[in-house]
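Remarks on the overall topology
Chain by chain, the residues run as shown.
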Amino acid sequence: MEADAEDYVDLVGEERAGGIDYCEEHHGAEEGCAPTSLEVLSVVEAHCRYGVPPGATDRVNCPVPGTTVLVPVEAADGWAKARPGVRFAGYLVVARRVADPAEGAVVREG
């Protein structure tokens with residue numbers, strides 16, 4: 001689904017967040033979104049520290065700006081290796097839309 005780049009500024013910085021066009025959601029917000037065929041070009045794990053922002057009135061942990069560690073990986077397999085001082089936040093995937101998945105390609109919905 002379409003992403004709001006502002007949602008990712010604290011995690012990956014303004015410049016990189018500006019390049020985030022879409023996100024994959026696994027918590028119900030994806031309802032009504034049509035599956036899309038993509039070719040994955042690269043995958044990077046994003047790890048960061050979390051904390052309550054200064055002056056916040058609620059106790060919700062958010063990414064701490066400037067603490068993100070990006071780790072290139074071969075696949076987004078759900079098994080991100082723990083990194084010292086940071087927690088896994090998600091994957092940044094560079095992909096391009098394809099008209100027809102190639103024969104034998106892995107098709108994943110959701």
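Everything below is about the structure printed above this text.
Below is a summary of the structure that appears in this document. (Residues numbered from 1 in each chain as written. Predicted model: local features only at pLDDT ≥ 70, side-chain atom pairs only at ≥ 80, totals over all residues. Heavy atoms only, no water.)

**Some points on the environment of Pro 72**
Secondary-structure assignment places Pro 72 in strand E4 (residues 69-73). Other than its neighbours up to four places away in sequence, Pro 72 contacts Val 43 and Val 44. (Helix = DSSP H or I, 4+ residues; strand = E, 2+ residues; numbered from the N terminus. Contact = heavy atoms within 4.5 Å.)

**Points about the sheet that holds strand E1 (residues 38-48)**
Spatial ordering of the open sheet is given by E4-E1-E5, a layout of three strands whose pairing is antiparallel. Edge positions in the sheet fall to E4 and strand E5 (87-97), since each of these pairs with one other strand and no more. Direction aside, neighbouring strands of the sheet carry axes that sit 25° apart on average. Bridge count for E1 against E5 is ten bridges, and the pairing is antiparallel. Residue pairing across strands places Val 43 opposite Val 93, the latter belonging to E5. (Pairing = 2+ DSSP bridges. Axes fitted to C-alpha atoms, helices over the stretch in contact; angles between N-to-C directions.)

**Focus: a negative patch on the surface**
The grouping of Asp 4, Glu 6, Asp 7 and Glu 14 at the surface amounts to a negative patch. Looking at the element boundaries, Glu 14 is found in helix H2 (residues 14-17). Judged by relative accessible area, which is 63%, Glu 14 ranks as exposed. (Patch = residues over 30% accessible without salt bridge, like charges linked within 9 Å, V, L, I, M, F, W, Y side chains within 5 Å. Areas by Shrake-Rupley, 256 points an atom, 1.4 Å probe, with all protein chains shown as cover. Salt bridge = Lys/Arg side-chain N within 4 Å of Asp/Glu carboxyl O. Lys, Arg positive; Asp, Glu negative; His and termini not counted. Charge placed at Lys NZ, Arg CZ, Asp CG, Glu CD. Buried < 20%, exposed > 50% of the residue type's maximum accessible area, 1.4 Å probe, protein only.)

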